[in-house]
Amino acid sequence: MLPQLPPCRALLATALGLAGRHRLLPCHHAPLLARLRCSAGGEVRAAGGGDAGGVLRHLMLKLRATGPVTVAEYMREALTNPGQGYYTRRGGVGQDFITSPEISQIFGELIGIWYISEWMAMGKQNAFQLVELGPGTGTLTSDILRVFNQLASVLSKCDVSIHLVEVSPKLSAIQAEMLTGGKVQSNPENNSAYMKGISKTGIPIYWYRDIQDVPQGYSFYLAHEFLDALPIHKFQRTEKGWHEVLVDIDPEVPDQLRFVLSPSRTPATENFIQPEETRDHVEVCPEAGILIQRLACRIEKNGGAALIADYGHDGTKTDTFRGFRNHKHHDVLKAPGTADLTADVDFSYLRKMAEGRTATLGPIRQREFLKNMGIDLRLQVLLQNSRDSATREQLLHSFDMLMNPKKMGDCFHFFALLPHHRVVRPAEKDNPQSKSPLPPVAGFGELSLNVHHHSRG
Ligand code: SAH
């Protein structure tokens, strides 16, 4: 099949044409009502209903005892407090906001192809771990595993395992159901994983609470809409210099919170504001920085790559902290624990954190990345193979959601960490004459898939 093409490209063309099955969406995914977390603005609604008390009560006690807390601490309590946090109790995906893998199966399929193509380009090691951070409902992993299964002949000599980093017991149960049909074992011995199972396609899956629990080894990492959920610090420039934004009790209204400025500089203002900063308001996510450093160390030491996709900016935006509940904007200080809280990812900060250890690619806009990955061809195949007009309409609608610059096409970005040797040959520096081009990294450049398309017809 397509012998004239380099193996990686032939693989992509083959995979995109494979199995034109349309995955039916569960009924709670009503894309027309969906609130995309990347769209800022809109009305702010006061919280109503639900047990709004848990995190708030806990925070009030703390604020009374020890004074204001950083926004990062507030966000961590609201999202991942072990008993009461938003992700711990509620989950959110599909309920309060909708994500790309939930919108269209094509999204996860193309990401699955990205991993296989990088695995091939980097020498087809005989084993790899796919490590996903914050897998939500498990839909993205499930779509990736379907591609791995369809390309089983390519991966036949490779030992693949799946490693999911998830703090939410509620979401890990949903993931277990989605990926294994619920056949999982809790707390396996001799292992840092808190749960394990076997995918419907026969691949072992492990669950962890922290990336540091995931075994070292040749790995491909994935973080989709994960970094935006990590706690941020906020800083405001004033006439008297930089101050950190803190959360405190509002003395005027019982049980209400408000933002205040730290009276003096805090350790965070010393560490996170660059002397050359020109903005008046800055958000920094140190946990994202630490995570990127960990991934970069692992990739430098053991090989592999990381693909990070999220909404964000390149060090230019200011106040992006916002809340979502039931697909509506939600006041971030109201009823913590009942709404999703999120902030744009600063890719310039991530790049700085990886510096020296790995090469980075991107951020590149979602619509460009998916186009480079062959989304047009994949859509055509699915359209051709779908019999009824409702399915075709659904396919076109979800394609529009992912690609339209006004929807997810422009505000979501892809960013990758890769070993230096994947991007620049070591010999090139000393001997520029010996340049044999490295295969391009899929998604980040044109893959001229239309060539394959024509040659197939
Ligand atoms: N990637 C999914 C879900 C995004 S929502 C999708 O695109 O649909 C964020 C996910 O990260 C949830 O699964 C949430 O439970 C998880 N999460 C949030 N904070 C986390 C943390 N500190 N450690 C591990 N997982 C976390």
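Residues numbered from 1 in each chain as written. Predicted model: local features only at pLDDT ≥ 70, side-chain atom pairs only at ≥ 80, totals over all residues. Heavy atoms only, no water.

Novice: Lay out the overall build of the chain with the relevant residues and their values.
Specialist: For the chain, the count of helices and strands is 18 helices and 18 strands. The buried share among the 457 residues of the chain stands at 55%. When contacts within the chain are restricted to residue pairs at least 6 apart in sequence, long-range pairs at least 24 apart make up 76% of them. Approximately 20000 Å² of the chain is accessible, and the part contributed by carbon and sulfur atoms is 52%. (Helix = DSSP H or I, 4+ residues; strand = E, 2+ residues; numbered from the N terminus. Buried < 20%, exposed > 50% of the residue type's maximum accessible area, 1.4 Å probe, protein only. Contact = heavy atoms within 4.5 Å. Areas by Shrake-Rupley, 256 points an atom, 1.4 Å probe, with all protein chains shown as cover.)

Novice: For the site of the ligand, give the residues involved together with the corresponding values.
Specialist: Taken together, 17 residues surround the ligand, and among them Thr99, Gly134, Gly136, Glu166 and His224 come closest. Within the side chain of glutamate 166, a nitrogen or oxygen atom sits 2.6 Å from an oxygen atom of the ligand. Protein burial of the ligand: of its 570 Å² of free accessible surface, 94% is covered by the chains. (Near = heavy atom within 4 Å. Polar contact = N/O pair within 3.5 Å; in protein donor to acceptor, adjacent residues only side chain to side chain.)

Novice: Any details on helix H6 (residues 105-121)? Residues and values, ideally.
Specialist: For H6, built from 17 residues, the straight-helix expectation of 24 Å at 1.5 Å per residue is met to within 8% by its first-to-last C-alpha distance of 25 Å. The buried fraction of H6 amounts to 16 of the 17 residues, a majority that puts the element mostly inside the structure. Looking one or two residues past H6, glycine 123 carries a phi angle of roughly 100°, positive in sign. (Expected span 1.5 Å × (residues − 1).)

Novice: Now, about the environment of glutamate 73: what can you tell me, with residues and values included?
Specialist: Tracing the backbone through its elements, the reader meets glutamate 73 in helix H3 (residues 71-80). By relative accessible area, glutamate 73 is classed as partly exposed at 26%.

Novice: So what's going on with the environment of histidine 421? Residues and values would help.
Specialist: Mapped onto the elements, histidine 421 comes out in helix H16 (residues 420-423). For the pair formed by histidine 421 and alanine 359, sequence separation is 62 residues and the distance between their alpha carbons is 8.6 Å. For histidine 421, the residues in contact, after removing those within four places along its chain, are Pro426 and Leu438.

Novice: Go over the side chain of serine 172 with me, naming the residues and quoting the values.
Specialist: Inspection of the secondary structure assignment puts serine 172 in helix H8 (residues 169-180). Among the residues examined, serine 172 registers a relative accessible area of 4% and is labelled buried. The contact partners of serine 172, leaving out residues within four places of it in the chain, are Glu166, Tyr194, Met195 and Trp207.

Novice: Account for the nonpolar core, with residues named and values stated.
Specialist: In this structure, Trp114, Phe128 and Phe148 are the most contacted members of the largest nonpolar core, which totals 64 residues. Element by element, the count of residues in this core is highest for H6, at 10 residues. Excluding residues within four positions of it along the chain, tryptophan 114 makes contact with Ala305, Ala306, Leu307, Phe369, Met373, Ala416, Leu418, Val441, Ala442 and Phe444. (Core = buried A, V, L, I, M, F, W, Y, C linked by side-chain atoms within 4.5 Å.)

Novice: Run through the packing of aromatic side chains, naming residues and quoting values.
Specialist: Throughout the structure, instances matching the rule amount to 12 aromatic pairs. A ring pair is formed by phenylalanine 347 and phenylalanine 415, whose centres lie 5.6 Å apart and whose planes are at 45°; its orientation type is tilted. Of this pair, phenylalanine 347 sits in helix H11 (residues 347-354) while phenylalanine 415 sits in strand E18 (residues 412-418); the two residues are 68 residues apart in sequence, bridging distant segments of the chain. You'll find phenylalanine 347 and phenylalanine 415 in the same group, each marked buried. (Phe/Tyr/Trp six-rings, centres within 6.5 Å; stacked < 30°, edge-to-face > 60°.)

Novice: How would you explain the pattern of salt bridges if you had to name every residue and give the values?
Specialist: When charged atoms on two side chains of opposite charge get close, those side chains can pair. Applying the stated criterion across every chain, the model contains 22 salt bridges. Where glutamate 77 meets lysine 62, a salt bridge forms, and the shortest distance between an N and an O atom there is 3.7 Å. Of the two residues, glutamate 77 sits in helix H3 while lysine 62 sits in helix H2 (residues 53-66), which places them 15 residues apart along the sequence. Assessed through its relative accessible area of 14%, glutamate 77 is described here as buried. The salt bridge partner of aspartate 331 is lysine 334, with a shortest N-O separation of 3.6 Å. Take aspartate 331: its relative accessible area is 25%, and that puts it in the partly exposed class. (Salt bridge = Lys/Arg side-chain N within 4 Å of Asp/Glu carboxyl O.)

Novice: Please set out the confidence of the model for the chain residue by residue, giving values where relevant.
Specialist: Caution applies to low-pLDDT parts of the model: their predicted coordinates are not meant to be read in detail. Looking at the chain as a whole, the pLDDT averages 87, with 83% of positions reaching at least 70. Taken as a whole, residues 448-457 scores under 50 in pLDDT and shows 18 contacts with residues more than four places along the chain or in a different chain. (pLDDT = per-residue confidence, 0-100.)

Novice: A description of the sheet that holds strand E13 (residues 322-325) should follow, citing residues and the corresponding values.
Specialist: Paired through backbone hydrogen bonds, the strands of a sheet run either parallel or antiparallel to each other. Taken in spatial order, the three strands make up an open sheet running E14-E13-E15, and their pairing is antiparallel. Each of the sheet's edge strands pairs with one partner strand only, and the pair in question is strand E14 (328-330) and strand E15 (340-342). Strand-to-strand twist of the sheet, defined as the mean angle between neighbouring strand axes without regard to direction, takes the value 40°. Here E13 runs beside E15; their pairing, made up of three bridges, is antiparallel. (Pairing = 2+ DSSP bridges. Axes fitted to C-alpha atoms, helices over the stretch in contact; angles between N-to-C directions.)

Novice: Requested: an account of the packing of helix H10 (residues 286-302) against H11, with residues and values cited.
Specialist: Where H10 contacts H11, the two axes come as close as 8 Å, and the packing angle between them is 40°. Between H10 and H11, the angle falls in the class oblique. Crossing hand, H10 versus H11: right-handed. Together, Pro286, Ala288, Gly289, Ile292, Gln293 and Ala296 of H10 and Tyr349, Leu350, Met353 and Ala354 of H11 make up the contact between the two elements. Its residues assigned to classes, the contact of H10 with H11 shows eight nonpolar, two polar and no charged. (Parallel < 35°, antiparallel > 145°, perpendicular 65-115°, else oblique. Left-handed = near helix turned anticlockwise from the far one by under 90°. Nonpolar A, V, L, I, M, F, W, Y, C, P; charged D, E, K, R; others polar.)

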